[in-house]
Amino acid sequence: MRGTLSGLIRLALNIWLHGLTPPGRCMLVALFLATSAGSIALEIPIYHLFCGLMALLGVSLLAALLIRRPLRIVGGAPERVTAGQPFRAEFVVENLSGKPVYDAGVGFFFLPSYIQQVGAGEMTPYVPPGGRARMGIGLVARRRGVHALPNVSVFSVFPFNLWRKTVASRRAGTLLALPDYRPLDEAEMLVGRRYQPGGVALSSSVGESPEYFGNREYRPGDAVGRMDFRSWARLARPVVKEYQEEYYCRIALALDTYVAPKRRPKAEGFPDLEAAISLAASLADAYSRGDYLLDLFAAGPDLFVFRTGRSISHLDNILEILACVEECRRSPFEKIAPALAEELGGISGVIYVLLDWDEA
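Let me begin by describing the structure that accompanies this report. (Residues numbered from 1 in each chain as written. Predicted model: local features only at pLDDT ≥ 70, side-chain atom pairs only at ≥ 80, totals over all residues. Heavy atoms only, no water.)

Overview of the nonpolar core
Across soluble globular proteins, nonpolar side chains show a tendency to be buried alongside one another. Our working rule: Here the nonpolar core consists of buried residues drawn from Ala, Val, Leu, Ile, Met, Phe, Trp, Tyr and Cys, with membership extended through side-chain atoms lying within 4.5 Å. To sort residues, take the accessible area from a 1.4 Å probe on protein chains only and compare it with the maximum for the residue type: under 20% means buried, over 50% means exposed, and anything in between is partly exposed. For the purposes of this entry, the term helix denotes a DSSP run of H or I that reaches at least four residues, the term strand denotes a run of E that reaches at least two, and both are numbered from the N terminus. Note on contacts: a residue pair is in contact if any heavy atoms of the two residues lie within 4.5 Å.
Residues I251, L253, L255, Y287, L294 and L322 are the most contacted members of the largest nonpolar core, which totals 29 residues. Listed by contribution, the elements that provide at least two residues to this core are β11 (174–178), β16 (250–255), α6 (271–289), β17 (293–299), α7 (315–324) and β19 (349–353). When residues in this core are grouped by element, the largest group, eight residues, is from α6. Discounting residues that sit within four places of it in the chain, L253 has contacts with A280, L283, A284, L294, D295, L296, F297, I351 and V353. F91, M135, A172 and A177 belong to the second largest nonpolar core, which has 27 residues in total.

Printed below as a string of structure tokens:
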């Protein structure tokens, strides 16, 4: 009995929030008031008002139930967005029937609390038979991370804009919300370079002048500028010079993600943790564009260790990792410290982004 009652309550709430349009809700409230007034006063105008409102709602509901058109939805939200920044989800509605569709629109009806719709969804008054209509929905992700979007629905409010008749729906996929950050005007560290075994593999086009390492025989594709003509003349076969770059400025960025076990997140997450992640993103942006190698160490439930800089990888890779970092309910330095200690021999400096100054 209790399950049936809760099911009826959910159904009524769904009809009120999503099945009825704002004018439909107003008309339903007016119908309720007319019914209440007519039950205590036998006035002819109130009876006429009741009959008129009931006829409009009935005809609109009957048309919504009887008129069916096969539609198809193409498109979706961007794969990557920035948390807190509005974006648009673009959709194309295709009318697969031989009859027109009137007053069609798209919308998300069961968005989670950390994703908000900005304004009303776009609508088109007419979709011709076999034609298409492009519509969009403004959204904003209030929290970074990987979010599963609910089904997107195409509905029609024909004929009187009182009922929403869902004509088609499809999954909208997932959304990756990257942390919001601001580029730093200046970020420099007075650190020296350290020996990096395999330095040629660690660097790319940016680096110091290479150091002469030795000679080897020529291979097809070697640069002509590296030919050693003296050795060629002495050995009577082509010889090229070899160089190596193994001394770089390497910085470690350690992110503190500890949150007390009793704290509960808001819709935007934990404000101090989100601020720390935004600061870490700003530092990663500054040092990945500079003449540095940057190692990121962050521990949530899982340990993340990632290296960027000198065109090894892009800032987007670090932003993706920071977007997925979650809070840690115990000290994250139990995981970070051993991984950081293994790399200290080649690290020139460490930047700590801490949420609090405690014993750990």
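Examining the sheet that holds strand β5 (residues 115–118)
Rules: When DSSP finds two or more bridges between two strands, those strands count as paired. The axes used here are C-alpha line fits, helices contributing only the stretch in contact, and every angle between their N-to-C directions lies in the interval 0 to 180 degrees.
Strand order across the open sheet formed by four strands is β1-β3-β7-β5, with antiparallel pairing between neighbours. In this open sheet, the two edge strands, each paired with only one partner strand, are β1 (71–76) and β5. Neighbouring strand axes in the sheet, compared pairwise and without regard to direction, differ in orientation by 35° on average. Pairing geometry for strand β3 (residues 87–95) and strand β7 (residues 132–141), over eight bridges, is antiparallel. When the sheet's bridge partners are listed, E94 is paired in β7 with R132.

Observations concerning the pairing of strand β4 (residues 101–108)
The buried count for β4 comes to six of eight residues, which makes it a mostly enclosed element. By the bridge criterion, four bridges tie β4 to strand β6 (residues 123–127) in an arrangement that is antiparallel. The residue of β6 that forms the bridge with Y102 is Y126.

Remarks on the sheet that holds strand β9 (residues 152–156)
Read across the sheet, four strands follow the order β6-β4-β9-β10 without closing on themselves; strand pairing throughout is antiparallel. At either margin of the open sheet sits one strand with a lone partner, and together these are β6 and β10 (165–170). Taken over all neighbouring pairs, the strand axes of this sheet differ in orientation by 30° on average, direction set aside. Alignment of β4 against β9, held across five bridges, turns out to be antiparallel. Bridge pairing in β9 links F108 to V152.

Considering the side chain of S282
For S282, the location among the structural elements is in helix α6. Accessibility expressed as a relative area gives 5% for S282, which makes it buried. When near neighbours in sequence (up to four residues on either side) are disregarded, S282 contacts Y181, R182 and L184.

Considerations on the pattern of salt bridges
Put simply, the rule reads: Think of a salt bridge as a Lys or Arg side-chain nitrogen and an Asp or Glu carboxyl oxygen that are within 4 Å of each other.
Enumeration over the complete set of coordinates arrives at eight salt bridges. Note that E94 and R72 form a salt bridge whose closest N and O atoms lie 2.4 Å from each other. Of this pair, E94 sits in strand β3 while R72 sits in strand β1, placing them 22 residues apart in sequence. A relative accessible area of 8% places E94 in the buried class. On the basis of relative accessible area, R72 is assigned to the partly exposed category, the value being 43%. Put simply, E327 and R329 hold a salt bridge, and the shortest N to O gap is 4.0 Å. Judged by relative accessible area, E327 falls into the partly exposed class, the value being 26%. Shared partners join several salt bridges into a network, and the residues in it are R72, E94 and R132.

What to know about unusual backbone geometry
With an omega dihedral of 10°, the bond running from F158 to P159 counts as a cis peptide bond. Of note, P159 is situated in the loop between β9 and β10. With a phi close to 50°, D103 is a non-glycine residue in the positive phi region. Relative to the elements of secondary structure, D103 occurs in strand β4. With phi around 65°, A236 is a residue other than glycine that occupies positive phi space. The topology assignment puts A236 in the loop between α5 (229–235) and β14 (239–244).

Some details on the packing of α6 against α7
What counts, and what does not: Orientation categories follow fixed angle ranges, with anything under 35 degrees roughly parallel, anything over 145 roughly antiparallel, 65 to 115 roughly perpendicular, and all other angles oblique. Crossings are assigned a handedness: left-handed for a near helix turned anticlockwise from the far helix by less than a right angle, right-handed for a clockwise turn. Classification used: nonpolar for Ala, Val, Leu, Ile, Met, Phe, Trp, Tyr, Cys and Pro, charged for Asp, Glu, Lys and Arg, polar for all others including Gly.
For the pair α6 and α7, the least separation of the axes is 10 Å and the interaxial angle reads 165°. In terms of their interaxial angle, α6 and α7 are classed as roughly antiparallel. α7 is crossed by α6, and the crossing has right-handed handedness. Two secondary-structure elements touch here, α6 through I277, A280, A281, A284, D285 and S288 and α7 through L315, I318, L319 and L322. Considering only residue class, the contact of α6 with α7 consists of eight nonpolar, one polar and one charged.

A few points about the packing of aromatic side chains
This is how it is decided: A pair of aromatic rings is counted whenever rings of Phe, Tyr or Trp (Trp by its six-membered ring) have centres within 6.5 Å, and the orientation is called stacked for planes under 30 degrees apart, edge-to-face for over 60 and tilted otherwise.
The tally for this structure, following the rule as stated, stands at five aromatic pairs. With a centroid separation of 6.4 Å and an interplanar angle of 55°, the aromatic rings of F333 and Y352 are classed as tilted. Within this pair, whereas F333 is found in helix α8 (residues 333–343), its partner Y352 is found in strand β19, the two being separated by 19 residues in sequence. Look at Y352 and you get partly exposed, because its relative accessible area is 45%.

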